[in-house]
Amino acid sequence: MSSGASVFRVSSAVILATMIGIFLFVEYRRSNPEWKVYQQRGVELALRQLQEDLAKTRDPADQEKIRSEIETLEKREPGIIEIRPFGGKLELERCLTCHFGIEDLSASHPNSVFGCVICHGGNGPDLTVRGAHLGLRGGRNPASLDLAHISCGSSESTVGTCHSRREDPLLDRTRNVPRSLMATNAGIMSILRYQWGVDETVKPAYAVRSVTDGTIALEEIPPETTPDGRFSIVESHFRKFCAACHLWSPRHRENMGRLEGCPACHAPYEEGGRYRGGDPTVNRNEVGHAATHTITNLIPDDRCRACHNRSGRIGLNYHGQMESAQYGTPFVRGGLNDETLSDGRFFLRLTPDIHHEKGMACIDCHTGQDTMGDGRIHLEMKDQIEIRCEDCHGGYTSPPKTTVVRKDDPLVQALIRSSPHVKPADGEVILLTSKGRPLPNVSRKGDKFVLKGKLTGKEHPVSIITGKRNGHTIKGHERLECDSCHSAWSPQCYGCHQVLDFGHEGLDHLTGRKTPGRWAEGRTYFRFERNILGINSRGRIGILVPGCQVWNTVVDRQGKVMPPYDSKIMRLKSGHTSVAMGPTHPHTSRTEVPRCVDCHLDAKALGLGEGRLVPAKPGEKLGTQPVYDSKGSGLKIAFPIDAVVDTDGTVLQGTSHEISRGFNAEEIKRIVGIGPCLACHDRYDDPVWEKPGPYRLTPDCRSALRRMEGTTSTSGD
């Protein structure tokens, strides 16, 4: 037999085998198309879930219902599922044929009405994976901010708009959210650039993405390294450190993770970051999925905590959790403390905010405008946040502002529809925010006001302080923020020691790419006890915390320090150091308040630093004996790290916000000046404090003080 004939027969056999294989594959795919495989997997998932539900159920009627559903599913034959969204106004879809068992997006977004294409895009009639996904928007997330105006706003004229071009501009969420601070990060960026000496003022000029509201325009933040090779340590720090929390990108991680865009808040994201719903097509082992294919406007606190667990840490504070010094102490059972956040940080359990203690969620106070914006670009958080303590509790002289529910008010009616528990009737009196916008979950019941929890429906009585002689009528206290007295504690993270190491790569949170240079941080120490007071960014007396006190070190690829960044203190354009305090609202509110002496005669409360206040003797000035020695600790500053000013009112460290500052000399003198009076008049409801100052020692005062001191004479006023 010739070699040519042998080759021919082998080639023929190979071709024949290939043809048979193709025929068998085609026949298999004809009898077992992709959709059938996915649908069967969906049935199996549904059966497994029903079996689990049956094992947990004790009610006979519920057990019978579940058994009936199991029997129906077991008998079910695979079949093509077709829906005609919005009563046939949109093209026929067969998406649920593969996505069998997927959850309804919400009660107001049932799959049988909305379908899939109106949100996700794609080719609804096709039954192949490749064909059906042609034109898909955003992959797994069609509600990222660059797509939300189409997916959530809807460009489908036959069914109208959804979350855009609404009857009230505040409801135009797809326009407003990209302009909000949670999307722009404008305040964070501007403060960083100001504190590190790039810009002369804190007025923002940049955002995560370029944006305008027609009046203010912000440019996209510059790159870490410019095209001509110039490296910016400021841009590097923002991109690789600060920018982890904004709505333009996700944090696909197992602990304290979230999605991007609208689902960052509105979709459930559980510890582990994995899908556990009924869609058979989703990879259940992949991190970065919503827990289920659902959305809600009843935002649970864990979505807020996914971002608000650093910096001001209000998401932790509210729940009574304080990040500790990370030593893992006190030790338990022979090992490190087991009180850790999901990302591994150790924490201490402190007094929670009373609103949390009573069962209130973050959204029971904070409005949609607080979080999603109002369509205007705001430069600082104080400008976007509209809720104030006074909106519910009233002020010294003015009670809360009210309005009445009207059926023809589109904003009020939309807010009422957003919660199943908040249903004030037409004509019912409700409260207004500081910007005059409705709070329909706080309404009048008889002669009192009641806040109804948006998540639970629980009613919380609201205490009005206006006109009450319980400490809210003290002359001189008109400038105090409510939380300056009513905050149990505040998170104080002193000394932020940062290292930029070019021996490793770091993730740019804006581009999603790694580039040379990884940031890490350490702290000098943590504290929480006793608040520091000063003037906040509203010009009122409030609480200050370290924010931020930065020492920067830069290390090259060989591990050598790169001058001048050897624990370098950054400097403002003015020449002042960037070691600074910042105003905060701690979210640790309590009805309990400090004693008078805890503010008027406490060095730390006055912004003079932890230590002993040394009273002024005749001819001398007020003094302090500080506890912390900054120079002795190697911090390269000549003042205690927790001191804002000295007793002369000289600024030791500035603040990161305009207007905000420590007390000046005259204010310190007035605050400390009533110290002798507090020996007798130590109660908030003492009638003497309802009289305007200045206060002076009378002969009776001196006699009382002599008796207290056990002496026969006293000197000075």
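Residues numbered from 1 in each chain as written. Predicted model: local features only at pLDDT ≥ 70, side-chain atom pairs only at ≥ 80, totals over all residues. Heavy atoms only, no water.

## Thoughts on the overall build of the protein chain
Argument step 1. When you go through the protein chain residue by residue, the secondary structure sums to 26 helices and 20 strands.
Argument step 2. For the C-alpha atoms alone, the extent of the protein chain along its principal axes is close to 130 × 70 × 60 Å.
Argument step 3. When the 717 residues of the protein chain are sorted by exposure, 45% land in the buried category.
Argument step 4. The long-range fraction of contacts in the protein chain, counting pairs at least 24 apart against all pairs at least 6 apart in sequence, stands at 60%.
Argument step 5. For the protein chain, the exposed surface amounts to about 36,500 Å²; the carbon and sulfur share of it is 55%.
Argument step 6. Taking the average place of the 93 positive charges on the side chains of the protein chain and the average place of its 88 negative ones, the gap between the two points comes to 1 Å. (Helix = DSSP H or I, 4+ residues; strand = E, 2+ residues; numbered from the N terminus. Buried < 20%, exposed > 50% of the residue type's maximum accessible area, 1.4 Å probe, protein only. Contact = heavy atoms within 4.5 Å. Areas by Shrake-Rupley, 256 points an atom, 1.4 Å probe, with all protein chains shown as cover. Lys, Arg positive; Asp, Glu negative; His and termini not counted. Charge placed at Lys NZ, Arg CZ, Asp CG, Glu CD.)

## Considerations on the confidence of the model for the protein chain
Argument step 1. Mean pLDDT for the protein chain: 91, with 96% of residues reaching 70 or above.
Argument step 2. Within the model, pLDDT remains below 50 along residues 712–717, and this stretch shows eight contacts once partners closer than five positions in the same chain are excluded. (pLDDT = per-residue confidence, 0-100.)

## Some thoughts on unusual backbone geometry
Argument step 1. Thr329 connects to Pro330 through a cis peptide bond whose omega is -5 degrees.
Argument step 2. Within the fold, Pro330 resides in the loop between strand 4 (321–323) and strand 5 (347–349).
Argument step 3. The residue after Pro563, namely Pro564, is reached through a cis peptide bond having omega 5 degrees.
Argument step 4. Note that Pro564 resides in the loop between strand 15 (550–555) and strand 16 (568–569).
Argument step 5. Phi at His587 is positive, roughly 65 degrees, even though this residue is not glycine.

## Let's talk about the pattern of salt bridges
Argument step 1. On inspection of all chains with the given rule, the structure shows 42 salt bridges.
Argument step 2. Between Arg193 and Glu235 there is a salt bridge; the shortest N-O distance is 2.8 Å. Pair noted here: Arg193 is in helix 12 (residues 186–195) and Glu235 is in helix 13 (residues 233–240), with a separation of 42 residues, a long-range link.
Argument step 3. Since its relative accessible area comes to 7%, Arg193 is described here as buried.
Argument step 4. Taking relative accessible area as the criterion, Glu235 reaches 7% and is therefore assigned buried. (Salt bridge = Lys/Arg side-chain N within 4 Å of Asp/Glu carboxyl O.)

## As for the pairing of strand 9 (residues 448–452)
Argument step 1. Relative to strand 9, strand 8 (residues 438–445) runs antiparallel, the two sharing four bridges. Following the sheet pairing, Arg444 is matched in strand 9 by Phe449.
Argument step 2. Counting the residues in the hairpin turn of strand 8 and strand 9 gives two residues, including Gly446, whose phi is positive at 70 degrees.
Argument step 3. Examined bridge by bridge, strand 9 and strand 10 (residues 459–462) share four bridges and lie antiparallel to one another. Within strand 10, the residue paired with Val450 across the bridge is Pro461.
Argument step 4. Following strand 9, the chain reverses through six residues before pairing antiparallel with strand 10; Gly457 in that reversal takes a positive phi of roughly 80 degrees. (Pairing = 2+ DSSP bridges.)

## A look at the side chain of Thr184
Argument step 1. Take Thr184: it is sitting in helix 11 (residues 181–184).
Argument step 2. Every residue in contact with Thr184, bar those within four places of it in the chain, is listed here: Pro178, Arg179, Met189, Ala207, Val208, Val211 and Leu218.

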